Amino acid sequence: MKKIVLSMAALATVVMAEGDINHPHERIDEKKASNVPAPVAQRSLFDRVHLKNDLRLRYESIERDDKDNKYRNRYRLRLGARIDLLDNLEFDVGMRSGFANPTSGNQTFHNDEPLKDYFLQSLRFNVMGLAYKSDHGMYKIGRHPYMMYRPIKSQLVWDNDISMNGLNYQYKDDSKLITLGINQPTLEEASVAKDDVNLVVAQYVHKAKMDSGKLNVGAGVYYYDGFKGNSRIFGSGKGNSLDDNNLYENDYHITEAFAEYQVKDVLGKPLKLAAGVAYNFGADKNNVGYDVAAQLGKAKHVGDWQVKYSYTDIQEDAVLGAYSDSDNFGGGTGARGHALRGKYKAGNNLYIAGNFFFDTLYASKSSTDKEAKYERVQLDVIYKF
């Protein structure tokens, strides 16, 4: 791999990896849980509005055997707000750069474009809907970030940035987590599929406390209706099998099982271990994927750090490529490889991080029809405001 040389501008923009920063609305929920406010009726309009935003600047290199290498500077801007309507009812709204890309808000800086042409022009709504909270449940209608549990934020099935479009519910207590939903992915602004696609989500997670730590064991069913014979939903197959007319060859009736073990103190740091597998009953072959991961540390307070290693092997039709990890393998399915992610909290609102991917693309994903090496480096700086 070529030596990476960063300009001062790029170095000044080195934060946290995509999957390591919570969505703005997730951070709002965490703050809400730690600070019990006065009843909504007693608050001013100003006190009912809660803003959470972040800007990420990234240097990225992509080096592969089957295509030209890429070296670029990029950014992602996310703006989020929660408006309290009643004590248990809120309106959520958010925008993200990326021209409505469902799995990425990244935009590349170009030498021939002035800075004034960036940021605002690529913003699109990625969150807009109502959320109602009961004693142990949360109901969401409209467009919201995914609610499914992911062990150590695994992106085997779900990318960090996806939103659900429909009606979703989650029940949570000390021993279990249940998520149910009915959605329509073709409601995404970027969808170009010729026919509608529906998605039914059902996931159960059992949580157990042990003397040595915590164990989470879960399973999920994600049933897409309408893919076989349909056109590519976002203009690219992302590794999934297509026929001679560039239509999906298979449906995606995905089952997932996973386990995650958390230890509070190993060498003074928390440790997490996880493994997961996905199987697509809608395809007769090339329909299995799995990943294993370990994370040491947690970048929670200033000066804290964390590092995560994962290995993923995902066949072409194990999951829907358009919704799985958009960074590893260049996005989607049909590859295997190692990922190393590190993060450091440099300030109250500032993170520095890096992602390193060392992959092998299957022949079906390579442009040369034979396996190809794929290496990707991302150096990030994110500021939350």
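For clarity, every value in this text was computed on a predicted model and none was experimentally measured. (Residues numbered from 1 in each chain as written. Predicted model: local features only at pLDDT ≥ 70, side-chain atom pairs only at ≥ 80, totals over all residues. Heavy atoms only, no water.)

Turning our attention to the nonpolar core. Core analysis: the largest hydrophobic core is formed by 31 residues, its most contacted members being Trp 158, Tyr 222, Tyr 224, Phe 227, Leu 320 and Tyr 323. Sorting the residues of this core by element identifies β9 (198–209) and β10 (214–225) as the ones contributing at least two each. Those residues in contact with Tyr 224 that sit more than four places away from it in its chain are Trp 158, Pro 185, Val 197, Asn 198, Leu 199, Tyr 252, His 253, Ile 254, Leu 320 and Tyr 323. Counting residues in hydrophobic clusters, the runner-up holds five residues, among them Leu 57, Tyr 75, Leu 77 and Tyr 118. (Core = buried A, V, L, I, M, F, W, Y, C linked by side-chain atoms within 4.5 Å. Buried < 20%, exposed > 50% of the residue type's maximum accessible area, 1.4 Å probe, protein only. Helix = DSSP H or I, 4+ residues; strand = E, 2+ residues; numbered from the N terminus. Contact = heavy atoms within 4.5 Å.)

This next bit is on the environment of Thr 108. Secondary-structure assignment places Thr 108 in strand β4 (residues 107–108). Thr 108 sits 190 residues away from Lys 298 along the chain, and the two C-alpha atoms are 29 Å apart. Not counting the four nearest positions on each side in its chain, Thr 108 is found in contact with Arg 72, Asn 73, Arg 74 and Tyr 118. In this structure the side chain of Thr 108 is engaged in a polar contact, spanning 2.9 Å, whose partner is the side chain of Arg 74. (Polar contact = N/O pair within 3.5 Å; in protein donor to acceptor, adjacent residues only side chain to side chain.)

Next up on the list: a nonpolar patch on the surface. Residues Val 277, Tyr 279, Phe 281, Val 288, Tyr 290 and Val 292 make up a contiguous nonpolar surface patch of about 500 Å² in total accessible area. Those elements that place two or more of their residues in the nonpolar patch are β12 (269–280) and β13 (288–297). Take the nonpolar patch: its biggest share by element is three residues, from β13. Note on placement: Tyr 279 falls in strand β12. (Patch = residues over 30% accessible without salt bridge, like charges linked within 9 Å, V, L, I, M, F, W, Y side chains within 5 Å. Areas by Shrake-Rupley, 256 points an atom, 1.4 Å probe, with all protein chains shown as cover. Salt bridge = Lys/Arg side-chain N within 4 Å of Asp/Glu carboxyl O.)

With that settled, consider the side chain of Asn 280. Within the fold, Asn 280 resides in strand β12. Separated by 2.8 Å, the side chain of Asn 280 and the backbone nitrogen of Gly 282 make a polar contact. With near-sequence residues (within four places) excluded, Asn 280 lies in contact with Asp 251, Tyr 252, His 253, Ile 254, Asn 287, Asp 317 and Ala 318.

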